[in-house]
Amino acid sequence: MQDNIFSIRLKQSMKNKNLKQVELLRLVEEKGIKIGKSHISQYVSGKTTPRDNILTVLSDILEVDAEWLKGKDKSVKNKTEIVDDVLSSPKYERQNSLEETSMKEFRKSAKLDNVLYDVRGPVVEEAARMEEAGTHVLKLNIGNPAPFGFRAPDEVIYDMKSQLTECEGYSQSKGLFSARKAIMQYMQNKNIPNVTIEDIYTGNGVSELINLSMLALLDTGDEVLIPSPDYPLWTACVTLAGGKPVHYVCDEAAEWNPDIDDIKKKITNRTKAIVIINPNNPTGALYPRDVLQQIVEIAREHQLIIFSDEIYDRLIFNEEEHVSIASLAPDLFCVTFSGLSKSHMVAGYRVGWMVLSGNKRIARDYIEGLNMLSNMRLCSNVPAQSIVQTSLGGYQSVKNYINPGGRVYEQCEYIYKALNDIPGISAVKPKAGFYIFPKLDVKKFNITDDEKFTFDLLREKKILLISGKGFNWKQPDHFRIVYLPRIEVLEEAVEKMADFFSYYRQ
Ligand SMILES: Cc1ncc(COP(=O)(O)O)c(C=O)c1O
């Protein structure tokens, strides 16, 4: 098979039928063939060619001749011949194909080959396509407070406006002194040891710092323990940095706490670090002190760095205590992450931080790497840094949302009960954050592919969710709901879901 011709003809035929990769994948699956989205993208990029049975199905869907699609009708020796060949293809649009064939194609870096981030992935693309076609989609896929009517505190907006003219230049690469001082005091209140101003880095959200911290640390093949389910950026950034994400299980039967035995089993001589997400996205778990203590002991025994993502630490219901794992590990090297996206409902401002603590002596070289990468991006968004001091001091208005009577609290109570009332669905009650991670009775619904379930729900009920797979959960039996919408909206969603589950069988 002529690889180049095949991918050119495949792309052309998809274009003629106005099909995107996810749609082609769906149509292939509907024909009873099981392939992943990576297969389709590899066919399109010309990296691989399909087996004959898949090729027949593709030609059927695309309404082109299988032999033609294969490229067998002409041997290709040079570019001119490829152009000629495409020019004679069915439903050929002269202008488009000329552009495609006479120009060099730019492919994404192979570094991205195994990087997945489905929170904005194919199901979300399908939802965007439906919206473009005029369909209203209820998006329960992303923890973005503002579109659901959550407002930043007035004081924060006022203070940013007042300081705007002072934020025109770059700041120090780690961030403004005032912001870092406020973060330092916040860390002191959480009993995190040995933190100076120099140990604090502000970032364009925690996201930037997760990426930066992994890039600075990992050599090819270095292993990092990451929870499953996870916030998938962690897995994506470890992979992008050349490391190997190794997932340890969080146990639903134990309120989604990390399974300590599983962590122990997954440690090898390549393991460099362990990541915890506490409070957790997507499960809503809040780790008790004794569980954290056991993780510290493992890290101590195996000399691991502890990375703790605590972006939801100010969003805990019922005044339960949040323990920063770094406070339990003064002798280890820890990196703690948090930010204002969620606690101050300013996800769009992009402000987060990362704090080094404990035994920094053992990480001198790594810290040099962090400083290099921090310097290379010059600094993070300065207007956003200017509100850190205001945000972390004084009354925390987020409490109005998370205490009884507050929106987030009541929405959580509602969704937890309503989901558990649907036959075949069960969920552990979240203790913090915006998310719930319910379980599907896969036998009842005959579900073997959770991503297909989310596609089906989207198409039939116009509700957008992310399947467990999007959070690196291995079995096809979970999905995540963001419960940020108002109760009336959640009620409507639950009603539609209850109806869907009354008949859905995969
Ligand atoms: C656990 C977790 N960490 C990090 C982030 C990224 O946050 P930021 O907006 O600060 O980049 C999110 C966003 O949803 C998250 O849930």
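Bear in mind that the values here come from a model prediction, so they are computed numbers and not experimental data.

Peer 1: What exactly am I supposed to notice about the overall build of the chain here?
Peer 2: The secondary structure content of the chain amounts to 22 helices and 15 strands. Over its C-alpha atoms, taken along the principal directions, the chain stretches across nearly 70 × 50 × 50 Å. The proportion of buried residues among the 506 residues of the chain is 45%. For the chain, the share of sequence-separated contacts (at least 6 apart) that also reach a separation of at least 24 residues comes to 72%.

Peer 1: Hey, could you run me through the site of the ligand in this one?
Peer 2: Neighbouring the ligand are 13 residues, the closest being Gly205, Val206, Ser207, Tyr231 and Ser341. With three residues, helix H11 (residues 205-217) is the single largest residue contributor to the shell around the ligand. Residues belonging to the shell around the ligand are distributed by class as follows: five nonpolar, seven polar and one charged.

Peer 1: Explain the packing of helix H2 (residues 21-30) against helix H3 (residues 37-45) here, please?
Peer 2: The geometry of a pair of packed helices is captured by two quantities: the angle between their axes and the separation between those axes. The contact between H2 and H3 brings their axes to 9 Å, and the two run at 120°. In terms of axis orientation, H2 runs oblique to H3. Handedness of the crossing formed by H2 with H3: right-handed. Residues Gln21, Val22, Leu24 and Leu25 of H2 pack against Lys37, Ile40, Ser41 and Val44 of H3. Grouping the constituent residues of the contact of H2 with H3 by class yields five nonpolar, two polar and one charged.

Peer 1: Explain the domain arrangement of the chain to me, please; I cannot follow it from the model alone.
Peer 2: How large an interface is tends to be reported as the accessible area lost when its parts come together. Structurally, the chain comprises domain 1 (3-107), domain 2 (118-148 + 401-503) and domain 3 (164-392). Contacts between domain 1 and domain 2 engage five residues on the former and five residues on the latter. Looking at the side of domain 1 that touches domain 2 residue by residue, the class counts come to one nonpolar, no polar and four charged.

Peer 1: How should the packing of helix H8 (residues 122-132) against helix H21 (residues 450-461) be read in this particular structure?
Peer 2: In contact at an axis separation of 10 Å, H8 and H21 are set at 15° when each is read in the N-to-C sense. Judged by the angle between their axes, H8 and H21 are roughly parallel. You can see that H8 and H21 cross each other, and the crossing is right-handed. Between H8 and H21, the contacting residues are Val123, Glu126 and Ala127 on the first element and Glu451, Thr454, Phe455 and Leu458 on the second. Taken together, the residues of the contact of H8 with H21 break down into four nonpolar, one polar and two charged.

Peer 1: Where do I start with the pairing of strand E2 (residues 200-203) in this structure?
Peer 2: Each regular strand shows side chains that alternate between the opposite faces of the sheet. Along E2, one buried face is formed by Ile200 and Thr202 and the opposite face, lined by Tyr201 and Gly203, is buried too. Sheet topology note: the E2/strand E9 (residues 352-358) ladder contains four bridges and is antiparallel. Bridged to Ile200 within E9 is Val355.

Peer 1: Would you take a moment to explain the sheet that holds E9 for this structure?
Peer 2: In a beta sheet, neighbouring strands pair by backbone hydrogen bonds and run either parallel or antiparallel. Spatial ordering of the open sheet is given by E2-E9-E8-E7-E6-E3-E4-E5, a layout of eight strands whose pairing is mixed. Bordering the open sheet on either side are E2 and strand E5 (257-258), each of which pairs with just one other strand. Summarising the sheet, strand E3 (residues 223-228) and strand E4 (residues 244-251) pair through six bridges and their orientation is parallel. Looking at the pairing, Glu223 lines up with Lys244 of E4.

Peer 1: Just to check I follow, could you spell out the nonpolar core for this structure?
Peer 2: Nonpolar side chains tend toward joint burial in soluble globular proteins. With 119 residues, the main nonpolar core has Ile183, Val275, Ile306 and Ile325 as its most contacted residues. The leading source of residues in this core is H11, at six residues. When sequence neighbours within four positions are dropped, the list of residues in contact with Ile183 reads Ile200, Trp353, Val355, Val388 and Leu392. Leu10, Met14, Tyr43 and Leu69 belong to the second largest nonpolar core, which has 16 residues in total.

Definitions and cut-offs
- Residues numbered from 1 in each chain as written.
- Predicted model: local features only at pLDDT ≥ 70, side-chain atom pairs only at ≥ 80, totals over all residues.
- Helix = DSSP H or I, 4+ residues; strand = E, 2+ residues; numbered from the N terminus.
- Buried ≥ 20, exposed ≤ 12 C-beta atoms within 10 Å, placed from the backbone.
- Contact = placed C-beta atoms within 7 Å.
- Near = placed C-beta within 6 Å.
- Nonpolar A, V, L, I, M, F, W, Y, C, P; charged D, E, K, R; others polar.
- Axes fitted to C-alpha atoms, helices over the stretch in contact; angles between N-to-C directions.
- Parallel < 35°, antiparallel > 145°, perpendicular 65-115°, else oblique.
- Left-handed = near helix turned anticlockwise from the far one by under 90°.
- Domains from an automatic or database assignment.
- Pairing = 2+ DSSP bridges.
- Core = buried A, V, L, I, M, F, W, Y, C linked by C-beta atoms within 7 Å.

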